[in-house]
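Chains, contacts and geometry: an overview
In case you want the letters, here they are:
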Amino acid sequence: MTLQYATGGATSPDAPGNKVIGHVCNDRGGWGRGFVVAVSRRWPQPEREYRAWSRTAGLRLGAIQLVQVEPDTWVANLVAQHGYRTSSNPVPLRYDALQECLTALADQAAELGASVHMPRIGCGLAGGTWEQITPVIDSTLTARGVTTTVYDLP
């Protein structure tokens, strides 16, 4: 299985069957910039559940939270960003945490019989590089046979 690319929004995957939309979250409970704005415009549940999770359990790097938003669609909150991007923390993405998240996501997707859809996770506010993220996706999701599509806006 190879990583697929499509033009469009990752919150509107054009695929049959069960779907999981993955995105990177920080470990501080902050939500309101980047891809999550599009997620929240479409569904209120992922933000609400992420904020509750951050208050009750704390957010551990490498943890994931699946939130069902439609009968055949889930949003995966992937905690792989340590804090926020600042001059002293220019790359808050933690690649080892991303690998742990995507490994768990591969398990969940396989259990649901779902394909995975995402923007170029970890490259925006998290400061990662796509050249380093692609091999992590390949070794976790596509290596397990999980159909994975990355969306670029037109």
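If you're wondering where the values come from, they're calculated on a predicted model, not measured in any experiment.

Here's the deal with the overall build of the protein
Along its length, the protein carries 4 helices and 6 strands. Scanning the protein from its N terminus toward the C terminus, one meets helices and strands in the order β-β-α-α-β-β-α-β-α-β. For a compact globule of 154 residues, the expected C-alpha radius of gyration is about 15 Å, and the protein comes in at 14 Å, within 12% of that figure. Per-residue burial for the protein yields a buried fraction of 47% across its 154 residues. In the protein, the proportion of contacts linking residues at least 24 apart, taken out of those at least 6 apart, comes to 69%.

Let's talk about the pairing of strand β5 (residues 115-118)
Residues Ser 115 and His 117 point to one face of β5 and Val 116 and Met 118 to the other, with burial holding for every one of them. Examined bridge by bridge, β5 and strand β6 (residues 148-152) share 3 bridges and lie parallel to one another. In the sheet register, Met 118 faces β6, and the bridge partner there is Val 150. Note on the crossover from β5 through helix α4 (residues 130-140) to β6: the handedness is right-handed.

With respect to the pairing of strand β3 (residues 64-70)
Strand direction decides the pairing type here: β3 and strand β4 (residues 73-81), joined by 6 bridges, are antiparallel. Bridging across to β4, Ile 64 finds its partner in Leu 78. Where β3 hands over to β4, the hairpin turn is made up of 2 residues, counted between the paired strands.

Some remarks on helix α2 (residues 45-56)
Over its 12 residues, α2 extends 16 Å from the first C-alpha to the last, a length consistent with the 16 Å expected when each residue adds 1.5 Å. Along α2, the residues classified as buried are Gln 45, Pro 46, Tyr 50 and Trp 53. Viewed end-on, α2 has its buried residues packed into an arc of 120 degrees, placing them on one side of the element. Those residues of α2 that are exposed and angled more than 90 degrees off the buried face are Arg 48 and Arg 55. Elements that come into contact with the buried residues of α2 comprise β2 (19-26), α1 (35-42), β3 and β4. Residue Gly 58 follows α2 closely and has a positive phi angle near 75 degrees.

A short note on the sheet that holds β5
Sheet strands line up and pair through hydrogen bonds in the backbone, either parallel or antiparallel. Strands sit in the order β1-β6-β5-β2-β4-β3 across an open sheet of 6 strands; the sheet is mixed. Of all the strands in the sheet, just β1 (4-7) and β3 have a single pairing partner and so form its edges. Pairwise comparison of adjacent strand axes, ignoring direction, gives a mean angle of 30 degrees for this sheet. Of the strand pairs in this sheet, β2 and β5 are connected by 3 bridges, and their pairing is parallel. By the bridge assignment for β5, Ile 21 is matched with His 117. Across the sheet, α2 touches β2, β3 and β4, and the angle it forms with β3 is around 150 degrees.

Conventions we followed
Residues numbered from 1 in each chain as written. Predicted model: local features only at pLDDT ≥ 70, side-chain atom pairs only at ≥ 80, totals over all residues. Heavy atoms only, no water. Helix = DSSP H or I, 4+ residues; strand = E, 2+ residues; numbered from the N terminus. Rg over C-alpha atoms; globule rule 2.2 N^0.38 Å. Buried < 20%, exposed > 50% of the residue type's maximum accessible area, 1.4 Å probe, protein only. Contact = heavy atoms within 4.5 Å. Pairing = 2+ DSSP bridges. Right-handed = clockwise from strand over helix to strand, strands pointing away. Expected span 1.5 Å × (residues − 1). Arc of directions from axis to C-beta. Axes fitted to C-alpha atoms, helices over the stretch in contact; angles between N-to-C directions.

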